[in-house]
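# Fold and geometry: a report
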Amino acid sequence: MNGSSPCADAIRAKFASAISNMYQAEAPQYCAMKALVAETNRQCLADDPQLERRLLESGELARLDVERHGAIRVGTAEELSSLRRLFAIMGMAPVGYYDLSVAGIPVHSTAFRPIGECAMRASPFRIFTSLLRPDLIADAQAREIATKILAQRDIFTPRCRALIDLFERRGFDDEETREFVIEAAKAFRWNGRATVSSAVYQQLYAAHPLLADIVCFKGPHINHLTLHALDIDASHAAMEARGLNPKAIIEGPPRRRRPILLRQTSFKARAEPVEFIEEDGRRLSGGAHAARFGEIEQRGAALTAKGRALYDRLLAEAQAAAPLAADGANASAFGEELTRRFAAFPDDDVTLRRDKLAFFRYSSDASVRAGEPSSSSSVDDLLRAGALQAEPILYEDFLPVSAAGIFRSNLGDQGAEEFIERADRRAFEAVLGAPVLDELALYQEAETRSLTASLEALGFESIASLQPEATP
Ligand code: OOG
Ligand code: NI
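Figured I'd write up the structure that's included with this text. Remember, it's a predicted structure, so these values are computed and weren't measured experimentally.

## Brief notes about the overall build of the protein
When its secondary structure is counted, the protein shows 19 helices and 11 strands. Taken over the C-alpha trace, the protein has a radius of gyration of 23 Å; the compact-globule value for 472 residues is 23 Å, and the two agree within 12%. In terms of principal-axis extent, the alpha carbons of the protein reach across some 85 × 55 × 45 Å. Relative to its full complement of 472 residues, the protein shows a buried share of 52%. The contacts in the protein between residues at least 6 apart in sequence include a share of 75% that link residues at least 24 apart. Between the mean site of the 56 positive side-chain charges and the mean site of the 67 negative ones, the protein shows a separation of 1 Å.

Here it is, written out as structure tokens:
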């Protein structure tokens, strides 16, 4: 599936821009972070003219300040399946299943995202979407209250619902597209007036802080947007230096020559004033709720199942050897342990490819004479001769352990309870109303497609007409 539609891509770009403007107006802390990251990125470019040239050539430079993702949390099956229909209009499909129960977070998630290089380039915006799992909330009374409240809300405006139906029947004209972007964004805005009393909020909060965040407001407010940092370590340090209160560690792999997967960090959510509705609406009372933050990310090579297993093992080993304290006090010891463990992860493209740890995108250079296409050549020979080139494919998805670390950094002491792992992908897909796409299959397809096209361009009929590569 390589479903890039110029029309859907354009709607997504407009939606991402509307969400960005809305969140900047709502969350001044995020604005401060955005300015700081832009400044750090500028410094990186000034220090590395080659990097600047590469980004300019790939078109990345123009997109540097564009948000890469946002995140929301929803409460019901109906909300999730309606979101799937809404995001489909923007060319975003659910990719990946993330079980966060392992880390004591009562949600499971997917990422709605564009598929394919072309669509990603047109607008890289994704939405990490989490669904509450009431079955993981121990307090039966809180569960029951939550279910009742959620059954009564509609997170979409009536016009937004009508437009989704209309699109599915016959698509949009220009005016409808414009209206859709406005109506869709409304579902994700912040509403400082809770829909419940302070007592109900407190009760749900005591059951789990996420329960209060998901249930007590009008809809799934954007809880963060995420920017691309050219040097995430420098940006993290700058956040610390400017008093932006970043979380203790950068999630994901340590700093490397050849980045892999995804590194992320964020500043912690600030408490902001909210109003509760008391005595059936006869009185408002003031309170506070911490929900919204800002995040940065830096992406590297997508790993194969084998590479991912190695990543997961090394990360688990580091966590076992130097467990990160809940308050992050031993962050630097953890960081050193992580770097030590990851010395076992090859850090150059040649080995990553040879050992089949990462996915690569191939291109060809027909001007290089690699001899006549013959059955005695191999992909390795063609790469050595320069007739083929291989570049790591960028990881466009998320990491459950990292996501859990980001969730947890905003839950205070209460988020630390341990659940047993209870992944339930089937149940998630049943309420979503569609299967989630397998991210590994997407990378594999991209690799195979690029290799096949490159070999054809060099005059080979198929991969099968080449010598098989040695398997390590
Ligand atoms: C989502 C946290 C996970 C990421 O980038 O991994 C996330 C949330 O807090 O709702 O956004
Ligand atoms: Ni995020």
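## Focus on the site of ligand 1
Around ligand 1 sit H69, A71, R73, F128, N223, H224, Q264, E295, F398, A403, I406 and F407, and those are all the residues in its vicinity. Take H69: an N or O atom from its side chain is 3.0 Å from an oxygen atom of ligand 1. Contact distances for ligand 1 include 2.6 Å between an oxygen atom and a side-chain N or O atom of Q264. Compared with its free state, where it exposes 320 Å², ligand 1 has 100% of that area covered by protein.

## Brief notes about the nonpolar core
Judged by nonpolar contacts, the single largest core of 72 residues is most densely connected at I105, L211, Y311 and F345. Within the second largest apolar cluster, 55 residues are counted, among which are V74, L86, F87 and I127.

## Things to note about the coordination of the nickel ion (ligand 2)
Coordination of the nickel ion (ligand 2) by the protein comes from H69 (NE2), H224 (NE2) and E295 (OE), over a distance range of 2.1 to 2.2 Å. Along the chain, the residues that donate to the nickel ion (ligand 2) are spaced as H-x154-H-x70-E. Of the two residues, H224 sits in strand β5 (residues 224–228) while E295 sits in strand β9 (residues 293–299), which places them 71 residues apart along the sequence. With respect to burial, H224 and E295 carry one shared label: buried.

## Side note on the pairing of strand β7 (residues 271–278)
A one-sided burial pattern is seen for β7, the buried positions being E272, V274, F276 and E278 and the unburied ones A271, P273, E275 and I277. Judged from the 8 bridges that link them, β7 and strand β8 (residues 283–290) form a sheet pairing that is antiparallel. Considered in β8, the bridge of I277 is made with L284. Linking β7 to β8, which pair antiparallel, is a turn of 4 residues; within it E279 sits at a positive phi near 50 degrees.

## Digging into the pattern of salt bridges
One pass over the structure, following the stated rule, counts 43 salt bridges. A salt bridge links R292 to E272; the nearest nitrogen and oxygen atoms lie 2.8 Å apart. Here the residue R292 occupies a position in the loop between β8 and β9, and E272 occupies one in strand β7, the gap between them amounting to 20 residues. Neither residue differs from the other here; R292 and E272 are each classed as buried. Taken together, the salt bridges that share partners define one network made up of R313, E317, E337, R340 and R341.

## Describing the sheet that holds strand β3 (residues 107–113)
Ordered in space as β2-β3-β4-β1-β5-β9-β6, the 7 strands form an open sheet in which the pairing is mixed. Since the sheet does not close on itself, it has two edges, and those belong to β2 (93–99) and β6 (262–267), each with one partner. Pairs of neighbouring strands in the sheet enclose a mean axial angle of 25 degrees, with direction left out of account. Where β6 and β9 come together, 6 bridges link them in antiparallel fashion. Each bridged residue has a counterpart across the sheet, and for Q264 the counterpart in β9 is E297. Sheet contacts for helix α5 (residues 77–89): β1 (69–74), β3 and β4 (126–132); angle to β4, the most-contacted strand, approximately 165 degrees.

## What about the state of the cysteines?
Throughout the structure, instances matching the rule amount to 0 disulfides. As a non-bridged cysteine, C160 has C7 as the owner of its nearest cysteine sulfur, 16 Å distant. A residue is classified by how much of its surface remains accessible, and C160, at 0% relative accessible area, is buried.

## What about helix α8 (residues 158–170)?
Between its first and last C-alpha atoms α8 spans 18 Å; for 13 residues at 1.5 Å apiece the expected length is 18 Å, and the two agree. Those residues of α8 that are buried lie in contact with α5 and α9 (174–186). Remark: G171 follows α8 within two positions and exhibits a positive phi of approximately 80 degrees.

## Focus on the side chain of D347
Mapped onto the fold, D347 is located in the loop between α14 (331–341) and α15 (349–354). Of note is the side chain of D347, whose polar atom sits 2.8 Å from the backbone nitrogen of R258. Beyond its immediate sequence surroundings of up to four residues, D347 is in contact with R256, R257 and R258.

## Here's the deal with the packing of α5 against α8
Between α5 and α8, the least distance of the axes is 10 Å, while the angle of their chain directions is 55 degrees. One finds that α5 runs oblique with respect to α8. The handedness of the crossing between α5 and α8 comes out as left-handed. Residues E78, S82, R85, L86 and I89 of α5 form the contact with α8, whose own contacting residues are C160, R161, I164, D165, F167 and E168.

Reading the values: rules and limits
Residues numbered from 1 in each chain as written. Chains lettered and ligands numbered in written order. Predicted model: local features only at pLDDT ≥ 70, side-chain atom pairs only at ≥ 80, totals over all residues. Heavy atoms only, no water. Helix = DSSP H or I, 4+ residues; strand = E, 2+ residues; numbered from the N terminus. Rg over C-alpha atoms; globule rule 2.2 N^0.38 Å. Buried < 20%, exposed > 50% of the residue type's maximum accessible area, 1.4 Å probe, protein only. Contact = heavy atoms within 4.5 Å. Lys, Arg positive; Asp, Glu negative; His and termini not counted. Charge placed at Lys NZ, Arg CZ, Asp CG, Glu CD. Near = heavy atom within 4 Å. Polar contact = N/O pair within 3.5 Å; in protein donor to acceptor, adjacent residues only side chain to side chain. Areas by Shrake-Rupley, 256 points an atom, 1.4 Å probe, with all protein chains shown as cover. Core = buried A, V, L, I, M, F, W, Y, C linked by side-chain atoms within 4.5 Å. Donors = N, O, S within 2.8 Å, 3.2 Å for Na, K, Ca; no water. Pairing = 2+ DSSP bridges. Salt bridge = Lys/Arg side-chain N within 4 Å of Asp/Glu carboxyl O. Axes fitted to C-alpha atoms, helices over the stretch in contact; angles between N-to-C directions. Disulfide = S-S within 2.5 Å. Expected span 1.5 Å × (residues − 1). Parallel < 35°, antiparallel > 145°, perpendicular 65-115°, else oblique. Left-handed = near helix turned anticlockwise from the far one by under 90°.

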